[in-house]
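The chain contents come next:
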Amino acid sequence: MNDWPEGRSHDRNARYGRGSADAQPEGARVMPHVRPGSVPPQQRPGYDDAPRNAPGFDSGYNTGQVYGMPRGAQGAGPGAGPGGGGRGPGAPYAPPPGGARPAPNWGRRVKVGAITVAVVVLATTIGTYFWADGRMRREVDLSKVIERPQEGDCTTYLIVGSDSREGMTAEDKKRLHTGSADGKRTDSMMILAACGSGNTMISLPRDSDVEIPTFVGSQSGKTFKGSGRRVKLNAAYAEDGPELLVRTVEHNTGLRIDHYAEIGFAGFANIVDALGGVEITIDKGFKDKKSGADFQAGKQTLDGEQALAFVRTRYAFAESDLARTKNQQKFLAALAGQAATPGTVLNPFAFYPTLGAGLDTLIVDKDMSLFDLAEMFFAMKGVNGGDGTSMNMPVSGSRGGNLVWDKAKVRELVRQIQNDEKVTVTGN
C-alpha cells in the first residue's frame, strides 16, 4: 500500500532535494501518522507465537528485577507479594533468609586476640632470652678456685669495676679521662649478698690489707703456695685475674662467692648513656682534675662521661678510697633502680640498647645465668629503695698505708649473711 501523501511520486526519474533539476526546492516531507494496525507485530520465535499461558512465556515486561539477584530474592520475606517476587504495599524490607550478616561474636574475638597477644609475648620473651644468653661473656671459671668456704643461705656476688680500656679509641680515653695504661686492674670491688632477710652491699676498698693464699694458676694450672705475704687487695687481681681475686676474698673473709661480674670503663659509660642518663642526688659538690669530675650539689642526671668521673673520684675527699666506695655504691644502686623500672624493661627502644651495652662488656662466671644476673640487679635496686644495707667493710686501722679490716666485725658480718639474718654490723 501507499503511505505517502497524495501528489508524491515514486518515479525514479523524479528528483527532489539537493542537486535536483527543479527550479523550486523540495518542501519538507511529512511522515504519515501511524494508524492502529498499520505496523505488523514484532514476534520472537518460540515466545510471542505461543499462548500467554504456555510454559516459558515471557512478555518482555521488566518486573523491576535487579540483575545479579535471583528472581524472587528481591523483596522476599514477610509482606512480599505473591510468589515472593516483590514486597507488598507498605511492607518493610526484610533480608532474604540466610543472607543477613550475623552479629559479631565479641567473646570469640576477645579470646582470639588474647591468645594472639600471649603467643607474641611468649615468642618475644623466648627470643630475647636466647639472644641475651648467647651474648653473655662467661669467661671466669670459679671451679679453679680451691679450698672454698661452705655455702650459705644467701646468693653472693663479687662485683668488680676494672680499668679495662677494651674497645676504647684514643678519643674515648681522652674524653673519659682514663689514661692509656696497659693491661687492667680493679678500680672498685664490692660484695652483694641477696638474702631473704634483706640485701647487703659491702664495698671492699682496693687498698685493703690482705693475705695472698695458696692458689692454682688460672692459666698455668700450677699450684702457688701461700707465703703469708700481705698486699693490697687489687694486687691479687693484677697477679692472676678474677680467679685469684675470688680466692683471696674468700680466704680473708670466710664468705663463699657464688657469682662474679666485672665491667670495664667503656661498658659502664655505655650502659649509662643507653639509659639516657642516671638521676642521682649529690650531697656536696666536688672537683677532681684526674677523673674530670666537676659537680654541684643537688639532684641531677649524669651521662656516661659524668658517671664514670663520679665513681672514680678519690683525691677530692679526705677519706679517699672510703668516700669513693660510698659514691660507687650509691650510683650503682641508682643505675640498677633505673634499669629495672617498667619504663626501661617494657620499652624496647630503651631495654635492648641497655641490655646490649651491658652484655657487650660484662664479664661473668661460667655458671652465671640471666636469672642470676637479673637477681643481682634487682638486689642492687632493693638496696637503693631501702630494702637492705650498704656499707664499707669494717676497718680497724691501717698498716703501711693499707686499710686493715676489723676481724671480729668481719666474722659477725659473714655469719649473719651465711645464716640469712638481718645484718646489724656497721662499717666505716
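### Section: the overall build of the chain
A tally of regular secondary structure across the chain gives 10 helices and 17 strands. Per-residue burial for the chain yields a buried fraction of 40% across its 428 residues. Restricting the contact set of the chain to residue pairs at least 6 apart, pairs at least 24 apart contribute 65%. About 24,900 Å² of surface is accessible on the chain, with carbon and sulfur atoms providing 53% of the total.

### Here's the deal with the pattern of salt bridges
Across all of its chains, the model carries 14 salt bridges by this definition. Put simply, E421 and R415 hold a salt bridge, and the shortest N to O gap is 3.2 Å. On the accessibility criterion, R415 (32% relative accessible area) is partly exposed. Salt bridges here are not isolated pairs; linked through shared partners, they connect D207, K232 and R314.

### Some points on the state of the cysteines
With the rule as written, the count across this model stands at one disulfide. Each disulfide pairs two cysteine sulfurs, and for C154 the partner residue is C195, the sulfurs being separated by 2.0 Å. Residues C154 and C195 share a disulfide whose torsion about the S-S bond is about 120°; that sign makes it right-handed. Of this pair, C154 sits in the loop between β1 (137-140) and β2 (155-162) while C195 sits in the loop between β3 (186-194) and β4 (199-203), and the two are 41 residues apart along the sequence. Look at C154 and you get buried, because its relative accessible area is 6%.

### Some details on the sheet that holds β1
Pairing is mixed across the open sheet formed by seven strands, whose spatial order is β1-β14-β9-β2-β3-β4-β15. Unpaired on one side and paired on the other, β1 and β15 (388-392) mark the two borders of the sheet. Averaged over all pairs of adjacent strands, the angle between their axes in this sheet comes to 25°, without regard to strand direction. Sheet topology places strand β9 (residues 259-263) next to strand β14 (residues 363-365); two bridges connect them, and they run antiparallel. In the strand pairing of β14, E262 is matched with I363. On the sheet, helix α3 (residues 233-253) packs against β1, β2, β3 and β9 and is oriented at approximately 10° with respect to β3.

### Thoughts on the environment of R247
For R247, the location among the structural elements is in helix α3. Overall, the relative accessible area of 3% leaves R247 in the buried class. As for R247 and R148, which are separated by 99 residues in sequence, their C-alpha atoms are 7.7 Å apart. If we ignore the near neighbours within four places in the chain, the residues touching R247 are V145, I146, E147, P213, T214 and F215. Here the side chain of R247 touches E147 through a polar contact of 2.8 Å, side chain to side chain.

### So, the confidence of the model for the chain
Here the chain shows a mean pLDDT of 78. Residues at 70 or above account for 72%. Between the elements of the chain, mean pLDDT differs from a low of 66, seen in helix α2 (residues 170-176), to a high of 96, seen in helix α10 (residues 407-418).

### Remarks on the packing of helix α1 (residues 106-135) against helix α8 (residues 348-361)
Relative orientation of the contacting elements α1 and α8 amounts to 25°, with a least axis distance of 9 Å. With respect to their mutual orientation, α1 and α8 come out roughly parallel. The handedness of the crossing between α1 and α8 is right-handed. Note on element contacts: α8 touches α1 through F351, Y352, L355, G356, L359 and D360, opposite T124, T128, W131, A132 and R135. In terms of residue class, the contact of α1 with α8 is made up of six nonpolar, three polar and two charged.

### Things to note about the packing of aromatic side chains
A complete count under the given rule lists eight aromatic pairs for this structure. With a centroid separation of 5.6 Å and an interplanar angle of 65°, the aromatic rings of W131 and Y352 are classed as edge-to-face. On the criterion of sequence distance, the pair formed by W131 in helix α1 and Y352 in helix α8 is long-range, its members being 221 residues apart. What makes Y352 partly exposed here is its relative accessible area of 29%. Taken together through their ring pairs, the aromatic side chains of F268, F286, F295, F310, F317 and F331 make up a single cluster. Above the plane of the ring of Y315 lies K290, whose end atom (NZ or CZ) is 4.4 Å from the centre.

### Notes on a nonpolar patch on the surface
A cluster of nonpolar side chains, namely L122, I126 and F130, defines an oily patch on the protein surface of about 320 Å² accessible area. Residue placement: L122 occurs in helix α1.

### Quick notes on the packing of helix α6 (residues 321-339) against helix α9 (residues 370-384)
Packed helix pairs are specified by the crossing angle of their axes together with the interaxial distance, meaning the distance between the axes. Closest axis-to-axis distance for the α6/α9 pair is 7 Å, and the angle between their directions is 115°. The orientation of α6 relative to α9 falls into the category roughly perpendicular. At the point where α6 passes α9, the crossing takes the left-handed sense. For the pair α6 and α9, the contacting residues are L332, A333, A334, L335, A336 and G337 in the first and F377, M380, K381 and N384 in the second.

Definitions and limits used
Residues take numbers from 1 onward in each chain, read along the sequence in its written order. Side-chain atom pairs in this predicted model are given and counted only at pLDDT of 80 or more, local residue features only at pLDDT of at least 70, and totals for whole chains, interfaces and linings cover all residues. Only hydrogens and water are set aside; all other atoms, that is, all heavy atoms of the structure, feed into the side-chain values. The helix and strand labels rest on DSSP assignments: H or I over at least four residues marks a helix, E over at least two residues marks a strand, and numbering proceeds from the N terminus. With a 1.4 Å probe rolled over the protein chains alone, any residue whose accessible area is under 20% of its type maximum counts as buried; one over 50% counts as exposed, and the rest are partly exposed. The contact criterion used throughout is that any non-hydrogen atoms of two residues lie within 4.5 Å. Accessible surface area values rest on a Shrake-Rupley calculation with a 1.4 Å probe, where residue burial reflects the displayed protein chains alone. The salt bridge criterion pairs a side-chain nitrogen of Lys or Arg with a carboxyl oxygen of Asp or Glu, the two atoms within 4 Å. For the purposes of this analysis, a disulfide is any pair of cysteine sulfur atoms at a distance within 2.5 Å. Between any two strands, pairing holds if DSSP finds at least two bridges. The convention used is that axes are lines fitted to C-alpha atoms, helices contributing only their stretch in contact, and that angles between N-to-C directions extend from 0 to 180 degrees. For the purposes of these results, a polar contact is taken to be a pair of N or O atoms within 3.5 Å, where, inside protein, one atom must be able to donate a hydrogen and its partner to accept one; residues adjacent in sequence count only when each atom of the pair is a side-chain atom. pLDDT is a residue-level measure of predictor confidence that goes from 0 to 100. Should an angle fall under 35 degrees it is taken as roughly parallel, and over 145 as roughly antiparallel, whereas 65 to 115 is taken as roughly perpendicular and any remaining angle as oblique. For a crossing to be left-handed, the near helix must be turned anticlockwise from the far one by less than a right angle; the clockwise case is right-handed. For this classification, the nonpolar set comprises Ala, Val, Leu, Ile, Met, Phe, Trp, Tyr, Cys and Pro, the charged set comprises Asp, Glu, Lys and Arg, and every other residue, Gly included, is treated as polar. Think of it this way: a Phe, Tyr or Trp ring, Trp meaning its six-membered ring, pairs with another when their centres are within 6.5 Å, and the plane angle makes it stacked under 30 degrees, edge-to-face over 60, tilted otherwise. Two conditions define a charge sitting above a ring: the NZ of Lys or the CZ of Arg must be within 6 Å of the ring centre, and it must be within 35 degrees of the ring normal. Patches draw on residues past 30% relative accessible area with no salt bridge. Two like charges within 9 Å are joined, as are two nonpolar side chains (Val, Leu, Ile, Met, Phe, Trp, Tyr) within 5 Å.

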